[in-house]
Amino acid sequence: MGLFDGVAGFGVTFSTMFRKVVTEDYPRVKKVTAPRYHGRHQLNRHPDGLEKCVGCELCAWACPADAIYVEGGDNTDEERYSPGERYGAIYQINYLRCIGCGLCIEACPTRSLTMTNEYELADDDRQDLIYDKERLLAPLLPGMEQPPHPMRLGTDEQDYYVQGPEMARRSDVQDAVREEIPMVPPREPAPQDGVSTEAVEQSSVMSTGEKR
Amino acid sequence: MTQAPEKPSEQDDLPPVPEGHVRLTIDDRIVDAPQGELLIRTCERLGIVVPRFCDHPLLDPAGACRQCLVEVEMGGRKMPKPQASCTMTVAQDMVVNTQMTSAVADKAQQGVMELLLINHPLDCPVCDKGGECPLQNQAMSSGRAESRFVEEKRTFAKPLPISSEVLLDRERCVLCQRCTRFSRQIAGDQFIELLERGAHQQIGTEETAFGEGEDFQSYFSGNTIQICPVGALTSASYRFRSRPFDLVSTPGVSEHDSSGAAVRRDWRRGAVTRVLAGDDPEVNEEWIDDKTRFAFRYTQSAQRITRPMIRGEDGSLVETSWTEALERAAGLLTAARDGEGPAPVDTDGEALEPKRGVGVLPGGRLTLEDAYAYAKFARLALRTNDVDARARVHSGEELDFLAAHVAGTGLGVTYGDLEEAPAVLTVALEVEEEAPIVFLRLRKAARTGTAVHHLGQWSSPAVVKTGGRLVRCAPGREVEALATLPDPVADGLAQPGAVVLVGERAAEVPGLYAAVSELVARTGARVAWVPRRAGERGAVDTGLVPTLLPGGRAVDDETARAALASSWGVADLPATPGRDTAAILRAAADGELAGLVVGGVEIADLPDPDLARAALGAADVVVSLELARSEVTEYADVVLPVAPVINKAGTFRNWEGRDRRFGTTIDPSGGSAGRVGGTAATTLPDCRVLDTLAVEMDVDLFTQTPEVAGTELARLGTGRPATVGPVRGPEHPDQPETTDEEGTELRLASWRQLLDGGALLADEPDLAGTARPPRIRLSATTARRLGFAEDDPAEVEGPRGSLILPVEVADLPDDVVWAPARVPGTDGTTVVTLAGLGLGHGGPVRLGGGSPMSDGSPS
Ligand code: SF4
Ligand code: SF4
Ligand code: SF4
Ligand code: FES
């Protein structure tokens with residue numbers, strides 16, 4: 001039995017003491033996630049503010065945890081929420097069930113549904129964890145108008161789908177996502193004084209599926 | 001089919017080929033098939049699935065899609081090219097190789113599939129058919145794994161509405177022509193056709209082709225949506241609502257007419273999303289009419305009642321508990337029955353004879369079990385025969401007819417009999433409007449040689465589409481016309497198997513039921529009574545008419561009454577025949593009856609709506625069992641909600657007398673119906689509500705569930721009297737009195753159209769859009785005389801109001817005006833009925849608005 005045998009077992013302990021700590025100072029310091037982190041969902045809008053969701057329920061079908069509930073409704077010329085015939089009249093995601101797999105996002109044919117980096121999905125009331133459309137819809141950015149309103153960017157939904165990206169580059173209508181992407185800080189170590197809440201919210205607009 | 005050992009070498013040991021059969025080899029199996037059978041059917045019987053699109057067992061073969069190619073060898077020599085198995089009939093010693101055994105056939109099928117997909121859009125994720133699409137399935141089973149076409153696909157504007165109910169997506173169409181063949185062969189409505197050539201070939205209507213003209217005006221258009229093998233034809237009311245794999249499919253029976261048609265209800269989240277035709281070869285084959293298919297949202301209407309209501313202090317209806325509502329209803333009904341209600345006073349303040357008794361108007365839409373519960377409730381709890389399910393024109397003569405020819409007679413003339421019959425005569429029955437499934441059978445029969453005669457006023461679409469044999473007569477003169485039928489008709493009816501179909505409207509013409517009864521006695525033809533509503537036949541068989549008890553027993557047959565009383569465990573039953581609908585309403589209005597129990601009755605349907613309103617207003621007690629708020633509930637003291645057919649089990653006895661049993665479609669108490677954003681209320685069937693109400697009145701009905709009620713009814717069996725009295729016509733078969741007002745002498749003819757704003761059509765704007773536009777019809781001579789040109793507005797004037805509709809010229813007898821008996825109002829809620837205007841079939845009418853000065857030549 002050697003002299004140092006008694007402390008040899010602490011080798012790992014001591015060496016760790018001199019490494020960088022992995023402890024997070026959450027919630028005082030908010031962690032910035034990887035850009036493609038699967039956080040809270042977002043229902044995106046077209047550049048004029050109309051909703052992209054067409055109420056097709058494919059996201060609900062794709063969801064392995066049965067966390068999504070959609071009921072479609074009919075657009076009318078007087079009351080239009082999305083280009084085309086249908087919109088998502090009721091849209092709910094139950095974050096008690098959602099496992100963040102992102103399959104819904106792959107299923108969405110209109111890229112309406114994407115995921116933000118927001119991960120603070122905890123509550124003390126189960127009911128409040130069922131997010132409805134109001135809480136999931138992307139915020140209105142400058143140039144957007146609260147639906148219902150008529151189609152501003154074309155005469156039918158094809159104009160939105162086919163020429164959407166091009167229109168988004170026009171100066172008068174700004175695509176939400178293109179505008180926001182540069183604002184996400186490139187991969188940098190997190191500033192020590194923590195990311196402000198605003199910053200998290202802004203980066204949340206950058207979304208996993210929404211790249212063109 | 002006999003199936004022989006597999007090896008052709010053993011052919012010598014095979015049994016001889018049966019008479020009328022041929023022996024052939026399919027995929028190395030020897031099979032005997034009846035001569036003339038299509039190859040594709042023989043393959044089906046062997047369990048070999050040949051892919052196909054255009055082939056449909058109920059349509060004539062067309063060979064339009066070429067998907068069903070197989071290799072055929074005749075007399076030892078291969079046919080040079082693969083053959084369409086859906087058009088080729090079997091032949092002796094034929095050798096057939098399907099894709100299972102022949103690489104050539106398989107390759108040919110893949111080639112056809114590739115061609116079909118060249119221009120087919122990649123729509124599956126947003127296509128209504130996706131998940132139940134023969135093209136999807138067969139592209140997987142018989143198509144190439146990889147597409148070789150990278151070119152841009154041909155596109156069309158979509159969707160293209162071809163009627164307000166049917167939308168066409170031409171990109172998806174595979175030009176199989178099932179839809180056009182259905183419309184031409186089965187429905188007889190040639191409103192859609194194949195247009196253009198080559199890559200631009202497409203289905204269309206006159207309207208889509210020329211920008212104006214007729215759209216897809218058919219009462220059967222929904223069937224094309226169902227048989228379209230792709231998602232090219234979609235339903236406006238189902239489009240994008242759900243996907244097949246979301247739905248639970250439950251078999252059911254049509255509640256919209258007396259056909260007993262089999263349907264399949266697809267539902268999710270506590271609500272029906274679509275209704276499809278069920279497959280019942282003996283009844284509706286695979287077809288249903290659009291009313292049955294598209295009218296299902298009434299169960300979710302905002303007017304639905306789901307909680308009991310009583311009239312509160314302030315005179316408005318307030319929701320309450322079942323206990324309180326039932327107690328209130330039972331108390332009020334008991335007092336009314338025993339004449340213990342407040343004694344009426346006359347205008348001088350003197351007390352009159354107290355009102356006594358309760359009349360029951362259950363309506364004609366009940367299931368057999370619910371009808372039985374009503375019949376028992378009236379006899380045991382209310383101790384009366386004042387019960388009549390006929391919420392329409394009716395007569396005492398009709399009761400005789402029903403007793404003689406309908407009540408308790410079991411299965412009579414069937415759909416199959418219609419098809420076999422050498423001749424059929426319809427009397428007071430406009431088949432397409434009043435019994436659409438019967439119409440389809442008559443049309444099928446007419447195409448194979450049955451002489452279908454119609455006693456009517458003009459060559460309506462139904463007459464034209466069933467062979468155009470019209471026995472034209474002036475309205476009200478039907479009795480004479482039956483007495484003097486033209487020889488071909490009379491001779492036809494004298495042949496064995498001939499059938500006379502009589503509709504409920506026969507009650508409008510005094511003596512007509514007696515004349516029909518006499519006609520069938522004279523010619524030996526069989527007779528069947530075809531009412532409009534689903535519950536009418538069941539109501540007659542369960543005793544929901546004033547002269548009959550369950551099972552065809554007569555009220556005035558003492559032995560039958562005593563037997564029934566002992567089965568029901570009571571000392572005796574009310575012995576005097578009761579009042580009919582009109583008499584019940586009259587008695588209530590005159591202050592004789594104290595109370596009314598009303599089921600699903602629309603006041604506008606009654607022969608005298610004003611009298612009905614007066615009666616409901618005058619009655620001390622009105623108890624209403626209803627699905628939805630209606631005019632009756634406005635008068636009711638207690639409203640008890642009842643379940644619609646989708647929320648209960650039951651039986652409809654159709655016009656044939658066939659029991660059409662169905663189970664619960666959606667059981668809201670089963671937990672499956674947690675509907676978000678809507679209501680899924682637990683409502684109870686009428687029989688259960690009545691049973692509980694009777695218990696409150698100290699009477700046991702034993703009809704807690706439809707099963708129990710149905711079992712008891714079956715156990716009672718029938719008890720038709722040995723001899724049924726003759727059908728008594730009016731004493732003096734008087735001619736309709738001629739009022740010669742202003743020398744017009746016009747007579748009214750009328751019947752109801754299929755889609756005319758009934759209560760079960762609530763909340764169906766797309767369906768209402770396909771209704772036949774209401775028109776006034778006149779003969780060319782009369783129109784000229786009165787100065788009407790086609791499409792001129794004319795005003796039908798009755799004693800109690802008038803109705804303005806455009807004029808159309810038809811082949812009516814002169815001086816006859818035809819108008820639909822019921823016209824939905826423009827606001828979608830009110831209806832105008834001719835009865836409400838004080839007009840009736842065969843009666844005098846005046847027509848205003850003509851301009852005899854104009855040249856008025858009808859185009
Ligand atoms: S979010 Fe996308 S997938 Fe989900 S219903 Fe809307 S459009 Fe369809
Ligand atoms: S018709 Fe069938 S194959 Fe064509 S898009 Fe619809 S589901 Fe897909
Ligand atoms: S619309 Fe449908 S049923 Fe009609 S031809 Fe096209 S694929 Fe066939
Ligand atoms: S199924 Fe035979 S050609 Fe269409």
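Residues numbered from 1 in each chain as written. Chains lettered and ligands numbered in written order. Predicted model: local features only at pLDDT ≥ 70, side-chain atom pairs only at ≥ 80, totals over all residues. Heavy atoms only, no water.

## Digging into the overall build of chain A
On a plain count of helices and strands, chain A comes out with 9 helices and 5 strands. Moving toward the C terminus, one meets the helices and strands of chain A in the order α-α-β-α-β-β-α-β-β-α-α-α-α-α. Counting only residues that meet the buried cut, chain A has 42% of its 212 residues in that class. A sequence separation of at least 24 residues applies to 74% of the contacts in chain A between residues at least 6 apart. (Helix = DSSP H or I, 4+ residues; strand = E, 2+ residues; numbered from the N terminus. Buried < 20%, exposed > 50% of the residue type's maximum accessible area, 1.4 Å probe, protein only. Contact = heavy atoms within 4.5 Å.)

## Focus on the site of ligand 1
Among the 13 residues in the neighbourhood of ligand 1, the closest are listed as Cys53(A), Cys56(A), Glu57(A), Cys59(A) and Cys108(A). A class-by-class count of the residues in the shell around ligand 1 yields 9 nonpolar, 3 polar and 1 charged. (Near = heavy atom within 4 Å. Nonpolar A, V, L, I, M, F, W, Y, C, P; charged D, E, K, R; others polar.)

## What about the pairing of strand S18 (residues 423-427) of chain B?
Successive residues of a regular strand alternate their side chains across the two faces of the sheet. All names here are of chain B. Counted residue by residue, S18 has 5 buried out of 5 residues, so it is predominantly covered. Taking every second residue as pointing to the same face, both faces of S18 are buried, with Ala423, Leu425 and Val427 on one and Val424 and Thr426 on the other. Where S18 and strand S19 (residues 451-456) come together, 5 bridges link them in parallel fashion. Each residue of the ladder has a partner; that of Ala423, found in S19, is Ala451. With 4 bridges connecting them, S18 and strand S21 (residues 499-503) associate as parallel partners. (Pairing = 2+ DSSP bridges.)

## Digging into the site of ligand 3
Taken together, 13 residues form the shell around ligand 3, and within it Cys173(B), Cys176(B), Gln177(B), Cys179(B) and Cys228(B) come nearest. Of the residues assigned to the shell around ligand 3, the class counts are 11 nonpolar, 1 polar and 1 charged.

## A word on the packing of helix H2 (residues 103-118) of chain B against helix H3 (residues 134-142) of chain B
Residues and elements named next belong to chain B. In contact at an axis separation of 10 Å, H2 and H3 are set at 140° when each is read in the N-to-C sense. Here H2 is positioned oblique relative to H3, judged by the angle of their axes. Between H2 and H3 lies a crossing whose hand is left-handed. Contacts between H2 and H3 involve Gln109, Gln110, Met113 and Leu117 from the former and Leu135, Gln138, Ala139 and Ser142 from the latter. (Axes fitted to C-alpha atoms, helices over the stretch in contact; angles between N-to-C directions. Parallel < 35°, antiparallel > 145°, perpendicular 65-115°, else oblique. Left-handed = near helix turned anticlockwise from the far one by under 90°.)

## Regarding the UniProt feature "binding site: [4Fe-4S] cluster 2" (unreviewed entry) in chain A
Residues and elements named next belong to chain A. Per the UniProt entry, the sites bearing "binding site: [4Fe-4S] cluster 2" (unreviewed entry) are Cys63, Cys98, Cys101 and Cys104 in this numbering. Despite a sequence span of 42 residues, these residues sit close together in the fold, their greatest C-alpha distance being 10.3 Å. On the secondary structure map, Cys63 appears in the loop between helix H3 (58-62) and strand S2 (68-74). By the secondary structure assignment, Cys101 is in the loop between strand S3 (86-94) and helix H4 (103-107). Dropping the residues within four chain positions of it, Cys101 is found in contact with His38 and Pro64. (UniProt positions renumbered as here; feature names shortened; annotations may be inferred.)

## Description of the interface of chain A and chain B
Note: interface size is frequently given as the accessible area lost on complex formation between the parts. Chain A puts 12 residues into the contact, and the matching count from chain B is 12 residues. Both sides of the chain A and chain B interface together cover about 1100 Å² of buried area, and 43% of this is carbon and sulfur. Ranking the residues of chain A by area buried against chain B places Trp61(A), Glu85(A) and Arg86(A) at the top, with a combined share of 42%. Inspection of the chain A/chain B interface yields 4 salt bridges. In this structure, the connection of chain A to chain B is made through 8 residue pairs in polar contact (both at pLDDT 80 or more). Element by element, the count of residues in the side of chain A that touches chain B is highest for S2(A), at 4 residues. Partitioned by chemical class, the residues of the side of chain A that touches chain B number 6 nonpolar, 1 polar and 5 charged. (Buried area = accessible area lost by both parts, 1.4 Å probe. Salt bridge = Lys/Arg side-chain N within 4 Å of Asp/Glu carboxyl O. Polar contact = N/O pair within 3.5 Å; in protein donor to acceptor, adjacent residues only side chain to side chain.)

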